[in-house]
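What follows is the residue order along each chain.
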Amino acid sequence: MSLSLPEEIFQQLQSLRLIDPHTHINPHQPASRCLADILGYHYYTELAHSAGLAKSQIEEPGLDSREKVRRLVPWLATIENTAQYSWLLEMCREFFGFQEERITPSNWESLYESSKTRMAQPDWEQHVLNQSGLDQVYLTNDFDDPLEGFDRNFYVPCLRTDDLVFHLCRPAVRERLTKATGASPGSARALKDAIGLLFQHFKNRNARACAISLPPDFSPQPVSEAVADPLVARAFAGADLTADELVSLSRFVFWTLAEFCDQFQFPFDLMIGVNRRVCENGVFQGQDLFDSRVSLIQYKTLLNAFPRVLFPISVLAETSNQELVSYAWIFPNVITSGHWWYSNIPVFIERDTKARLQAVPSTKQIGYYSDMYKLEFALPKFAMYRRILAKVLAEDFVIGRRWGVERALELGRQVLRGNVETIFGGSDA
Amino acid sequence: MSLSLPEEIFQQLQSLRLIDPHTHINPHQPASRCLADILGYHYYTELAHSAGLAKSQIEEPGLDSREKVRRLVPWLATIENTAQYSWLLEMCREFFGFQEERITPSNWESLYESSKTRMAQPDWEQHVLNQSGLDQVYLTNDFDDPLEGFDRNFYVPCLRTDDLVFHLCRPAVRERLTKATGASPGSARALKDAIGLLFQHFKNRNARACAISLPPDFSPQPVSEAVADPLVARAFAGADLTADELVSLSRFVFWTLAEFCDQFQFPFDLMIGVNRRVCENGVFQGQDLFDSRVSLIQYKTLLNAFPRVLFPISVLAETSNQELVSYAWIFPNVITSGHWWYSNIPVFIERDTKARLQAVPSTKQIGYYSDMYKLEFALPKFAMYRRILAKVLAEDFVIGRRWGVERALELGRQVLRGNVETIFGGSDA
Amino acid sequence: MSLSLPEEIFQQLQSLRLIDPHTHINPHQPASRCLADILGYHYYTELAHSAGLAKSQIEEPGLDSREKVRRLVPWLATIENTAQYSWLLEMCREFFGFQEERITPSNWESLYESSKTRMAQPDWEQHVLNQSGLDQVYLTNDFDDPLEGFDRNFYVPCLRTDDLVFHLCRPAVRERLTKATGASPGSARALKDAIGLLFQHFKNRNARACAISLPPDFSPQPVSEAVADPLVARAFAGADLTADELVSLSRFVFWTLAEFCDQFQFPFDLMIGVNRRVCENGVFQGQDLFDSRVSLIQYKTLLNAFPRVLFPISVLAETSNQELVSYAWIFPNVITSGHWWYSNIPVFIERDTKARLQAVPSTKQIGYYSDMYKLEFALPKFAMYRRILAKVLAEDFVIGRRWGVERALELGRQVLRGNVETIFGGSDA
């Protein structure tokens, strides 16, 4: 049977090896060990919880892996329609040879056993990487991560800074900072110096970017050291800050990060729009939502102030995509980056991809990242993106613009891989 | 001729009998009596008015039905492109045997006559219900509706509460409350008791839900009885309240409704986003619009406070759909509900349907309701939805996911009917 | 080879001659003189700048045209994917006989020469107009434009009023007003009188509309002369106004414009949503962006106050389109107008076109305007729109509604041309 044009392009895109520029992989335990590691991903636990499974059933202390899966499986019937379920099925088929249409209470046990056997093979991690075509996997590391004990050319460190910007008033965060830098800053300058040590630590260990997720109401502004001094002093003395003071302190730290990104030549990944703990009784990592009333105009001052810093920007609300496209079309330092979280389903990816390809320079688009916690997820997530990208390339470029297939593929390769290399500094793998 | 895949699925979906979970039907006069009842629907009068027909021509006191139709018909030429017009044509074809492509000044009279003859048949209501495949029709009842004189197992009552939450300062509303409950509350507690009587009255008469439409700036919060006491006392004494006090009173009443929904096990239909009387000289029911700057984050406190209450949520702005999808994906008590008003046209329905089917558990989606004022409208409105649903099932599931047709149909049946039964308590018809 | 249905409709739409109802053409130099005039369009300079070309390279004082093109051409490789590039290629093919797939450093010189030769022909302007099928071109004129020295029946004047509403505190703007009207207003009444003279001047010279672009936070309200008097006096005395006073003055002038639109029977084009100078170091005309948090509810008072004034409204954010559709569906005086700037790419045009055709009276839609600075751009921009319109007519009307092709074409002709004539007063060409 001859392939349709989108299928032909998809097949070609599938053969491309990848760099995954944003994940939450633990490099010391990158692959899953059993089905509970996969089904324990918050996408499944939160959907099962949403459909009716009690949180206490999912998060019971000491819960055995097998029992956890047994409790989750019956609820899969309620989410078979979802994109998330299609990833699950694709993983089970591709990695574990699962042949059935659904995972049910009557067939999950054999799947559990067969998958566990495969995952217990010593080369499982390498097997998954090979089958997924991954050349490099970027991490998201706490600021005090020692970054030791793994191959940093393959698992590339990235400095995650949410805690520094938003949680410096938590004693545990300050203690971690002190432990990592030897400093307990009593002034704005001292805090800057400590943060500089973190950047140096990460730079020395092959880090390629600084990253942060930001709530919808955040708006970066410079804060003078004079204003920041007493806030830093009081925060590190354990005093409570007012809401306004917390905003100033966050802005001061954030601006400091941008300055170091400039100095260390790190792209600064901005993931804009998440409200934390909206669903208070949600499952682990399944409590965050958003407020679509956010605008990139809030970042005007920042984007103008740091022309040499590249800002790969992800937006959580699909209603923000046109702003992202337009800001990337105008600002030399704005990069469109992936399809994040609640926007990571086909209907939104397709439209966002079309808009970006129609209006942003091809060099300024990072097509996709997996955001995964376990390696097995890269394969189905990137396959979802590649199917959509193939459809858009077929419809808008080969048919709509009369491009040859090879030329369309070049564009696909650029947003899938080429730009990741040019923006973050290339693959050393 | 062989059917296309979407057509095949559509044909199958058409054979499914329905429960319409939200209408404005008057159960004492559910069907139209002449074409003026159909063309008098605000969708037509407001579009004709928008195109240039004077309001005074449409709303002239004592206007004869036939003359009203005569005045409206010439303006239909300006709205033949609209989805609303396609409903009109489908009704005329399906119910009255109309064969022509357009309704014009030269052919409307025979249509008027033939339709009037049919509508005058004693079994017209039953005929429409049969042809439309309706097993049950949910109503929207004023809080003081006696709910007598009709088959409450077929026309299912629903407690509409806009007046209680937003218009308690109108003397007529308070009088209606007093008449319905015997109470003239002078305290927060007494008002709660009166509202409890309304719930009991509705529960006793087979009501299945409480419902309300809400402006974009509304944000539910609990209000203590201590705060509410003087507001209730002054409101029922006929005093004017300040804007802030009105907000507090609205919040108090709204929260009370949610408490009774919990107690009486009523789902609480929230229809979020309408601004009333924006077009001040618009025709009857054709004055309301919206402000798309609204977020479900405004409902965070409510959704967390009432985990046992189901909230079927309709949003007016299509820009709110992704939030609705995401909140339904995370919150166990959030249900996606239909395609409301300005979002009830194919381009928005298709996209919203795709997003919901891709990311919300299949058990938590109410596919469609007609919102109709006269029974004849269920047929074309549901047909519009079924065509779109068939297209999405064909493209995203049969083709995209390689599901069998029957499996896709199961999903279609669930969102079209099955979930209405499980969420509102099943059909007794 | 037989044409597909969309292609068949497109071919028919292509034969339709047009009126372009909104451009920035200079009637004294309407066509390009060399490729630099085309590549100097901000769409190309800002994209090249965004991709990495230094502003100083583009805007070097005294830069030779040929050298400017030479510097821009290498950057075209980075924007070949964009819709804007497709316009460029279509212009080069249609007007200059360019045959290659791309414009590159190795082929641009022959293109430059051949195009220069063609553009130097004395009938170039007429040739472009003929080939583009343009019957009339609407201008955007400064309030002090003498409107002399060109054919005002072909190049139709339009009064652009941004300076009056937002920049009256700039000495240069006040001087221009004084020069144009002989007045240096010291009171609200005197300012009104001066503005009235401008309207009379434009009306006498065949102007057909008043137009303005508006920032997202603007909300028109009436301001009494008593309030405006001291603001006008101080502004014209060169005093500084506070931010609140500037808002009041802007509102006073804006409301005055609406009053004169009513008196002179001018439609008032509102182009809603632009933030000026967001990208501070952007290239000329490539600095403006937007904040999608805007609502037409801000225009409620205006739309109700001037029922006889037609308001063709363009929105910058595609997230505003549903509001525009809904307001045009309800308000008799709201017209949907074109696809503006950041929304002028296929993915947004298609969706916005579908929504408008599905829900707004066909008489109230201005399908497209080019917004061009040079005549050559009408051809590719209108062709882009016509392709999308043909696709929508084919899918939603011929297939979806079973209309005949001719009937669908009638609808297409109405939104492409017919409504421009009825709304702005017809063609005198």
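It should be noted that the structure appears before, not after, this text.
All right, on to the overall build of chain A then. Along the backbone of chain A there are 18 helices and 11 strands. Taken against the 2.2 N^0.38 rule, which gives 22 Å for 429 residues, the C-alpha radius of gyration of chain A at 22 Å falls within 12% of a compact globule. Out of the 429 residues in chain A, the part that is buried amounts to 58%. Taking all contacts inside chain A whose residues are at least 6 apart in sequence as the whole, residues at least 24 apart take part in 74%.

The interface is formed by 31 residues belonging to chain B together with 27 residues belonging to chain C. Of all elements in the fold, only helix 3 (42–51), helix 6 (83–96), strand 8 (289–290) and helix 16 (346–359) of chain B reach the threshold of two or more residues within the side of chain B that touches chain C. Among the elements that line the side of chain B that touches chain C, the one with the most residues is helix 3 of chain B, at 5 residues. Its residues assigned to classes, the side of chain B that touches chain C shows 13 nonpolar, 13 polar and 5 charged.

On to the relation of the copies chain A and chain B. Note on the identical chains: chain A maps onto chain B by a rotation of 120 degrees and an axial translation of 0.0 Å, with an RMSD of 0.0 Å. Taken together, the rotation and translation describe the operation of a three-fold axis. In this assembly, only 6% of the residues forming the interface of chain A have copies in chain B that are likewise at the interface, indicating a heterologous arrangement.

So, about the relation of the copies chain B and chain C. Superposing chain B onto chain C requires a rotation of 120 degrees together with a translation of 0.0 Å along the rotation axis, leaving an RMSD of 0.0 Å. Comparing interface residues between copies, only 6% of those in chain B also sit at the interface in chain C, which points to a heterologous contact through distinct surfaces.

In this section: the environment of A:Ala31. Residues and elements named next belong to chain A. Inspection of the secondary structure puts Ala31 in the loop between strand 1 (18–20) and helix 2 (35–39). The partly exposed category is assigned to Ala31, around which 18 C-beta atoms lie within 10 Å. Excluding residues within four positions of it along the chain, Ala31 makes contact with Met119, Trp124, Glu125, Val128, Lys374, Leu375 and Glu376.

To continue, consider the packing of helix 1 (residues 5–14) of chain C against helix 18 (residues 405–424) of chain C. Residues and elements named next belong to chain C. Following both chains from N to C, one finds helix 1 and helix 18 inclined at 45 degrees, their axes separated by 10 Å at the closest point. Overall, the two elements helix 1 and helix 18 adopt an arrangement that is oblique. Crossing of helix 1 over helix 18 shows right-handed handedness. Taken together, the residues of helix 18 that come into contact with helix 1 (itself represented by Glu8, Ile9, Gln12 and Leu13) are Val405, Ala408, Leu409, Gly412 and Leu416.

Strands sit in the order 1-2-3 (chain A) across an open sheet of 3 strands; the sheet is parallel. For this open sheet the edge positions go to strand 1 and strand 3 (155–156) of chain A, each flanked by a neighbour on one side alone.

Our focus in this paragraph is the sheet that holds strand 11 (residues 365–366) of chain B. Spatially, 4-5-6-9-10-11 (chain B) is the arrangement adopted by the 6 strands of the open sheet, whose pairing is parallel. Two strands in the sheet have a free side with no partner beyond their single neighbour: strand 4 (159–160) and strand 11 of chain B.

Position of C:Phe377 relative to the elements: it lies in the loop between strand 11 (365–366) and helix 17 (378–399). Considered as a pair, C:Phe377 and C:Tyr299 are 78 residues apart in the sequence and their alpha carbons are 32 Å apart.

For the rest of this paragraph, the subject is unusual backbone geometry. All names here are of chain B. Of note in the backbone geometry, Gln285 takes a positive phi value of approximately 65 degrees without being a glycine. For Gln285, the location among the structural elements is in the loop between strand 7 (274–275) and strand 8. Within the chain, Trp341 stands out as a residue other than glycine whose phi angle is a positive 60 degrees. Relative to the helices and strands, Trp341 resides in the loop between strand 10 (334–337) and helix 16. We classify Trp341 as buried; it has 21 C-beta atoms within 10 Å.

This brings us to helix 13 (residues 243–264) of chain C. All names here are of chain C. The terminal C-alpha atoms of helix 13 lie 31 Å apart, and with 22 residues this matches the ideal 32 Å at 1.5 Å per residue to within 8%. Listed in full, the buried residues belonging to helix 13 are Leu249, Ser250, Arg251, Phe252, Val253, Phe254, Trp255, Thr256, Leu257, Ala258, Phe260 and Cys261. If you follow the buried residues of helix 13, they end up packed against helix 9 (162–166), helix 11 (188–204), strand 5 (210–214), helix 12 (225–236), strand 6 (268–272) and helix 14 (300–305). At the C-terminal side of helix 13, Gln265 shows a positive phi close to 60 degrees.

This part covers the interface of chain A and chain B. Between chain A and chain B, the contact holds 31 residues from the first and 27 residues from the second. Among the elements of the structure, helix 3 (42–51), helix 6 (83–96), strand 8 (289–290) and helix 16 (346–359) of chain A are those that each provide at least two residues to the side of chain A that touches chain B. A per-element tally of the side of chain A that touches chain B places helix 3 of chain A first, with 5 residues. The class makeup of the residues in the side of chain A that touches chain B is 13 nonpolar, 13 polar and 5 charged.

If you look at the biggest cluster of nonpolar residues, it comprises 462 residues, and the most contacted ones within it are A:Leu393, B:Leu393 and C:Leu393. Excluding its chain neighbours within four sequence positions, the residues that come into contact with A:Leu393 are A:Ile9, A:Val398, A:Ala408, A:Leu411 and A:Gly412.

Turning next to the pairing of strand 10 (residues 334–337) of chain C. Residue and element names in this part refer to chain C. Here strand 10 shows no split at all, with Val334 and Thr336 on one side and Ile335 and Ser337 on the other all buried. Inspection of the sheet shows strand 9 (residues 311–315) paired to strand 10 by 3 bridges, in the parallel sense. Bridge pairing links Pro312 to Ile335 in strand 10. For the crossover that starts at strand 9, traverses helix 15 (residues 321–330) and ends in the parallel strand 10, the hand is right-handed. With 2 bridges joining them, strand 10 and strand 11 adopt parallel strand pairing. Looking at the pairing, Ser337 lines up with Ile366 of strand 11. Once you follow strand 10 into helix 16 (residues 346–359) and on to strand 11, the crossover reads as right-handed.

All names here are of chain A. Given a rise of 1.5 Å per residue, 20 residues ought to cover 28 Å, and the 28 Å separating the end C-alpha atoms of helix 18 (residues 405–424) matches this to within 8%. Of all the bends found along helix 18, the most pronounced is centred on Gln414 and spans about 50 degrees. Those residues of helix 18 lying buried are Ala408, Leu409, Leu411, Gly412, Val415, Leu416, Arg417, Asn419, Val420, Ile423 and Phe424. One or two steps after helix 18, the chain reaches Gly425, where phi turns positive at roughly 105 degrees.

What follows concerns the pairing of strand 6 (residues 268–272) of chain A. Within strand 6 of chain A, 5 of the 5 residues are buried, leaving the element largely enclosed by the surrounding structure. With burial as the criterion, each face of strand 6 of chain A is covered, one bearing A:Phe268, A:Leu270 and A:Ile272 and the other bearing A:Asp269 and A:Met271.

Residues and elements named next belong to chain C. Mapped onto the fold, Ile423 is located in helix 18. For Ile423, a count of 20 C-beta atoms within 10 Å puts it in the buried group. Here the alpha-carbon distance between Ile423 and Phe311, two residues 112 residues apart in the chain, equals 9.8 Å. Dropping the residues within four chain positions of it, Ile423 is found in contact with Pro267, Leu310, Pro312, Ile335 and Ile366.

The rules behind these values
Residues numbered from 1 in each chain as written. Chains lettered and ligands numbered in written order. Predicted model: local features only at pLDDT ≥ 70, side-chain atom pairs only at ≥ 80, totals over all residues. Helix = DSSP H or I, 4+ residues; strand = E, 2+ residues; numbered from the N terminus. Rg over C-alpha atoms; globule rule 2.2 N^0.38 Å. Buried ≥ 20, exposed ≤ 12 C-beta atoms within 10 Å, placed from the backbone. Contact = placed C-beta atoms within 7 Å. Nonpolar A, V, L, I, M, F, W, Y, C, P; charged D, E, K, R; others polar. Least-squares fit on C-alpha atoms with pLDDT ≥ 70 in both. Axes fitted to C-alpha atoms, helices over the stretch in contact; angles between N-to-C directions. Parallel < 35°, antiparallel > 145°, perpendicular 65-115°, else oblique. Left-handed = near helix turned anticlockwise from the far one by under 90°. Pairing = 2+ DSSP bridges. Expected span 1.5 Å × (residues − 1). Core = buried A, V, L, I, M, F, W, Y, C linked by C-beta atoms within 7 Å. Right-handed = clockwise from strand over helix to strand, strands pointing away. Bend = angle between axes of the 7 residues up to and from the residue.

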